[in-house]
Amino acid sequence: MWFKPWKKDKVESLDQVAMDRLPRHIAIIMDGNGRWAQKRALPRSMGHRAGVETLRKIVKTCSKLEIQVLTVYAFSTENWKRPKDEVGVLMTLLAEYLRKELKELHQNNVVIRTMGKTKDLPLEAQRELAHAMKSTRDNTGLILNLALNYGGRSEIIDAVKSLSKEAVSGTLRIEDIDELRFSETLFTRGLPDPDLLIRTSGEMRLSNFLLWQLAYTEIVVVEELWPDFGEKALIAAIVAYQKRDRRFGGIHTN
Ligand code: IPE
Ligand code: IPE
Ligand code: MG
């Protein structure tokens, strides 16, 4: 058969993970909170609440596995289109998560970082973020990168504007604009590109996430709704990633 659909392996434990070939950077599109709530005839806000609990567990597992970076899509530039109440709930949950979890995140040596136009978030969320980033700045473990009011296209436009300004003012020569220089103008500056992208809830799209950075990322889409995603599902995704043949456009010669 020329096309072999991806079959989920049964993964029971961490033993199946090759610890020397872990993804350095995992990115997750945490999708499906609304559907999870709908299935239970609960308000969407309860789905988001359950989603925060999953995030807590996944951060812990990534920390334990010594993954370097975990980037999670928490709020997109398009999510402002949702009803005001739902946006409010998401922002409150963000502030609450940071307030409640900071101590444990700090104890687990996690560094909190953000990407996106965080200046447009409610002040309360901005305050918690600033505090969390400052307190965890000197940690050396997992970098938890929260994508908040993030959109891949707007990130690229902003990078183009910033480089153009430098070029016009004479501090940057056009010939010196290359992929590395461009990457260093994005929110993810200093971070490796994601090796593995996981999207929960089965949707096969990027929804404006990390458009530049995902150029050669391995994609694993799982059917579980984000609140149902857990350690085992994460391990299964990592095992699937480890079976992929990453060629980066080349071929194997041996
Ligand atoms: C993901 O769950 C959370 C955010 C986008 C903030 P959704 O709220 O998109 O859940 P579905 O896709 O409607 O099920
Ligand atoms: C992507 O999910 C954004 C986040 C997970 C924050 P959406 O639910 O917003 O994406 P679409 O609308 O299904 O593309
Ligand atoms: Mg969704």
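The structure we're discussing is the one just above.
Each value, and the rule that gives it
- Residues numbered from 1 in each chain as written.
- Chains lettered and ligands numbered in written order.
- Predicted model: local features only at pLDDT ≥ 70, side-chain atom pairs only at ≥ 80, totals over all residues.
- Heavy atoms only, no water.
- 1 Å grid on protein atoms, 1.4 Å probe; cavity = no way out; pocket = protein on both sides within 12 Å on 5 of 7 lines; lining within 4 Å.
- Points joined across faces, edges and corners; volume = space filled by probe spheres on them.
- Helix = DSSP H or I, 4+ residues; strand = E, 2+ residues; numbered from the N terminus.
- Nonpolar A, V, L, I, M, F, W, Y, C, P; charged D, E, K, R; others polar.
- Pairing = 2+ DSSP bridges.
- Axes fitted to C-alpha atoms, helices over the stretch in contact; angles between N-to-C directions.
- Contact = heavy atoms within 4.5 Å.
- Buried < 20%, exposed > 50% of the residue type's maximum accessible area, 1.4 Å probe, protein only.

Take empty space enclosed by the protein next. This structure, assessed with the given rule, holds 1 cavity of 30 Å³ or more. Lining the largest cavity, in full, are Arg56, Val59, Lys60, Ser63, Tyr97, Glu101, Glu104, Leu105, Asn108 and Val110. Elements supplying a minimum of two residues to the lining of the largest cavity: α2 (44–64) and α3 (84–107). A breakdown of the residues in the lining of the largest cavity according to their chemical character gives 4 nonpolar, 2 polar and 4 charged.

Here 6 strands make up an open sheet; going across it, the order is β3-β4-β2-β1-β5-β6 and the pairing parallel. The open sheet has two edge strands with one neighbour each: β3 (111–115) and β6 (218–221). On average, each strand axis in the sheet is tilted by 20° relative to the strand beside it, whichever way the strands run. In this structure, strand β5 (residues 196–199) lies alongside β6, joined through 4 bridges in parallel fashion. Within β6, the residue paired with Leu197 across the bridge is Ile219. Docked against the sheet, helix α7 (residues 231–242) engages β1 (25–29), β5 and β6, running at close to 135° with respect to β5.

Where burial is concerned, most of strand β2 (residues 69–76) is hidden: 7 out of the 8 residues are buried. Note that β2 and strand β4 (residues 143–150) share 7 bridges and pair parallel. What sits directly across from Tyr73, in β4, is Ala147.

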